[in-house]
Amino acid sequence: MTPPADRGAARPLRGFFVSGAGTDVGKTVFTAALLRALLAAGGVVQAVKPVQTGVPPTQALTAPMADAAVYAAAVAGMPKSAAQQPALPPATLRCFALPASPHMAAAREGVRLCGEGLRADILAHWRESKADLLLLEGAGGLRVPLNEREDMLDLMAALGLPVLLVGGNYLGGLNHMLLSLEAVRRSGLQLAGVALVPSADPSAGCPGVDVKAMLADNAAMLRERLAQQGLQAPVVELPRVPRLNEEGWQTLSGLLAPLARHLLQTAWESSPESAAAALVRRDHAAVWHPYASSVRPPQLCAVERTRANRIALRDGKNLIDGMSSWWAAVHGYNHPRLLEALHAQAGRMPHVMFGGLTHEPAVALAERLLHLMPRGLERIFFADSGSVAVEVALKMALQCQRGRGEAGRTRFLTPRGGYHGDTFGAMSVCDPVTGMHSLFTAMLPRQIFMERPSCRFDQPFDPASLDDARRLLAEHGHEIAAVILEPVVQGAGGMWFYHPEYLRGLAALCRQAGALLIFDEIATGFGRTGKMFAAEWAGVTPDILCCGKALTGGVLTLAATACTGEVAGSVCANGNVFMHGPTFMANALACAVAGASLDLLAEEDWQGRVAALEAALRRGLAPCVGLEGVEDVRVLGGIGVVETREPVNTAALQTYFVNHGVWLRPFNRLVYLMPPYITPPEDAQSLCAAVEGALREGAHLT
């Protein structure tokens, strides 16, 4: 077997991460013996200890207690002919003298460990290493703390390497292994293999136990449980050797030789680059993407994992996310609170029909939403997505007017430049040009379009901006059921920010005309503009409000349509019922995660984070003002927009951004940023710098 020859500076991290079901389970001995077996099988492998405790830094490679010294001892006596390459010296990246968990040992020396910092250490070492694979050994077990929030498993998840789990083979050891395997599985990590190492007294506390039968049963049960989960990871049983001398290392590495050959074969046959290309080919053969051709499939980046504000691609690139996955992932990705809510609810009840039944996650979420929304909204109707929430709002308005005895009010008034979704009712109230739905014009209901609010958010309000709305309501008021618009920020239809006073004036005009007022807050809700809901900028309560996207923090699809008690009463007048009912309405998983997302907003300083993000976007995008081809630069809350005079080349820009380590998805004449709220200032600056660089270099024109 021959490993790949490419050693480019940007090569994806490759290797395995060894962790334990606990402390003192034989993890270091296993790592050292496996290193020897990998070298004997022809691998160019380096053993690395990211964090070592209990050893003074000056003795990280020499102290008897240093894991790196154990690695070196394991390979010191190897026959020269056994390895294709000389063994690379082991490495220890962080070393602390106190024999304690990493967070305590580091704190004693005035250091605070973090997963991202350790990951950066490992990647920096990898860039300089001559190894084809790194064999990383964690400190202690999976849940050993790195700091008050992160543990070793978080570092493992950030790296995304396959896991080799080592556990003690003793009475009670099976329970520890199964719990550890569940933690690995829930972190989305691949299990590459399992090793069982007997303790000094496997039957401690239970005299008379048949030790040999117990140890064999532990291994058999573990294999059975892995098979039930569809996992093909090998389970290796290692003996407890009398001495770790050359004979002992030979024995252990010999037993691990089949595993070593399997790991090398797996690693060499599945390079990240080829795996990414293969996935894209499979995608192009079977999948149809949004706003894309199936005949000429779009260029795609294959994603392997997400973490915080990062998107890790299969080919090894790590991108700073500037889109929040279409405005939804406001807390970043893989937030432990959201994932814990998901797992906990899945164990109780993933879903149940909402007709005739109810459940705590839905009721609690509805109560909390009404508490957060503008005062006067009293009822929540859950929907599957933003588009469906808009459909629900339109149907509510029509049924409300009918209940009022105004059956002739069947049309909607909406500003140009708006976007409300891709289903038929929602399409009908999108801008007929920028709304992307001109193909369906003949089938859509004929709505009434008024001028886009012309009064900029950052300029004095001009009352004349309401003239067109006033004229159309006067002319068509008798047939208008409702006015629908995105408050303060027009989203995908143009990313335009307009003055809140426009909403106050429009609300008054609607009341005079007998038309309902619908706010589409699907993109703006939950803090994106600097207010929990954009309606707060104007101090206006609409008759109906739609929210979605960030509702679950980007984890699951869920939306909601809220209305006043008066609207609900009119809809249900004369014994009528509201005629809508999605199959997955109020999905318990989604409602539970949404509740956890609201918890995070309540507990954390989201206002401060959005304000800091706004300041960073203003600073970062300021150099774009005046660049050739730039029409406008505008920022509000966690939204930054560069509008160009001509449509941009989306494919060329996407390639440019990925090559510069950021993820942005421009369209038409808009290069916009909506990063997660957790984005640090330096990452916001990197996003803005990539936008500026692309525009200066003309990447948007190629």
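Within each chain, residues carry numbers counting from 1 in the order of the written sequence. Local features in this predicted model are restricted to residues of pLDDT 70 or higher, and side-chain atom pairs are both shown and tallied only at a pLDDT of 80 or more, whereas totals for entire chains, interfaces and linings draw on every residue. Side-chain metrics in this entry use all non-hydrogen atoms of the structure; hydrogen atoms and water are not considered.

## Here's the deal with the overall build of the chain
A count of helices and strands for the chain gives 21 helices and 23 strands. Along the longest, intermediate and shortest principal axes, the C-alpha atoms of the chain span 95 × 60 × 50 Å. Exposure classes here rest on a 1.4 Å probe applied to the protein chains alone. A residue is buried below 20% of its type maximum, exposed above 50%, and partly exposed in between. The proportion of buried residues among the 702 residues of the chain is 54%. Restricting the contact set of the chain to residue pairs at least 6 apart, pairs at least 24 apart contribute 73%. Only the protein chains shown count as cover for residues, with accessible areas throughout obtained via the Shrake-Rupley method and a probe of 1.4 Å. Accessible surface computed for the chain: about 30100 Å², of which carbon and sulfur atoms make up 55%. In the chain, which carries 60 positive and 64 negative side-chain charges, the distance between the mean positions of the two groups comes to 3 Å. Think of it this way: any DSSP run of H or I at least four residues long counts as a helix, any run of E at least two long counts as a strand, and we number them from the N terminus. Contacts between residues were defined by any pair of non-hydrogen atoms, one from each residue, lying within 4.5 Å. Note on charges: Lys and Arg go in the positive column, Asp and Glu in the negative column, and His and the chain ends are not counted at all. Here the site of a charge means NZ on Lys, CZ on Arg, CG on Asp, or CD on Glu.

## Some words on the packing of aromatic side chains
The criterion for an aromatic pair is that two Phe, Tyr or Trp rings (for Trp, the six-membered ring) have centres within 6.5 Å, with stacked assigned to planes under 30 degrees apart, edge-to-face to planes over 60 apart and tilted to the rest. By the definition in use, this model includes eight aromatic pairs. Both rings, one in Phe 457 and one in Trp 537, keep their centres 5.1 Å apart while their planes meet at 90°; by these two values the pair is edge-to-face. Placement of Phe 457 in the loop between β13 (448-450) and α15 (467-476) and of Trp 537 in the loop between β17 (516-520) and β18 (544-547) is noted, with a sequence separation of 80 residues between them. Look at Phe 667 and Tyr 672: their rings are 5.8 Å apart centre to centre, the planes differ by 90°, and that puts the pair in the edge-to-face class. Residue classification places Tyr 672 among the buried positions, given a relative accessible area of 4%.

## Comments concerning the pattern of salt bridges
Salt bridges are defined by distance alone: a side-chain nitrogen of Lys or Arg within 4 Å of a carboxyl oxygen of Asp or Glu. For the coordinates displayed, the defined rule picks out 33 salt bridges. The salt bridge partner of Arg 112 is Glu 148, with a shortest N-O separation of 2.7 Å. With Arg 112 in the loop between α3 (102-108) and α4 (115-128) and Glu 148 in the loop between β4 (133-141) and α5 (152-159), this pair connects stretches of sequence that are 36 residues apart. Salt bridges sharing partners connect three or more residues here, namely Arg 456, Asp 458, Asp 632, Arg 634, Glu 643 and Arg 669.

## Brief notes about the confidence of the model for the chain
The predicted coordinates of low-pLDDT regions are not to be read in fine detail. Summary of the metric used: pLDDT quantifies the predictor's per-residue confidence within the range 0 to 100. Taken as a whole, the chain shows an average pLDDT of 93; of its residues, 96% reach a score of 70 or greater. Segment residues 1-9 is flagged for pLDDT under 50; beyond a separation of four residues in sequence, or across chains, it makes 15 contacts in the model.

## Notes on the sheet that holds β17
Across the sheet, which stays open at both edges, the seven strands sit in the order β11-β19-β18-β17-β14-β12-β13 with mixed pairing between neighbours. Only two strands of the sheet have a single neighbouring strand rather than two, namely β11 (377-383) and β13. Shown here is a sheet whose adjacent strand axes are inclined to one another by a mean of 20°, direction ignored. Strand pairing requires that DSSP identify at least two bridges connecting the strands. Of the pairings in the sheet, the one linking strand β14 (residues 480-485) to β17 comprises four bridges and is parallel in character. When the bridges of β17 are listed, Ala 482 appears paired with Leu 516. Where helix α13 (residues 386-403) meets the sheet, its contacts fall on β11, β12 (411-415), β14, β17, β18 and β19 (559-564), and the angle it forms with β19 comes to roughly 25°. Note on geometry: axes are lines fitted to C-alpha atoms, helical ones only across the stretch in contact, with angles between N-to-C directions running from 0 to 180 degrees. Where α15 meets the sheet, its contacts fall on β12, β13 and β14, and the angle it forms with β13 comes to roughly 155°.

## A few points about unusual backbone geometry
Positive phi outside glycine occurs at Ser 325, with the angle close to 50°. As for its placement among the helices and strands, Ser 325 is situated in helix α10 (residues 324-327). The exposure class of Ser 325 is partly exposed, given its relative accessible area of 43%. In this structure, Asn 668 takes a positive phi of about 50° despite not being glycine.

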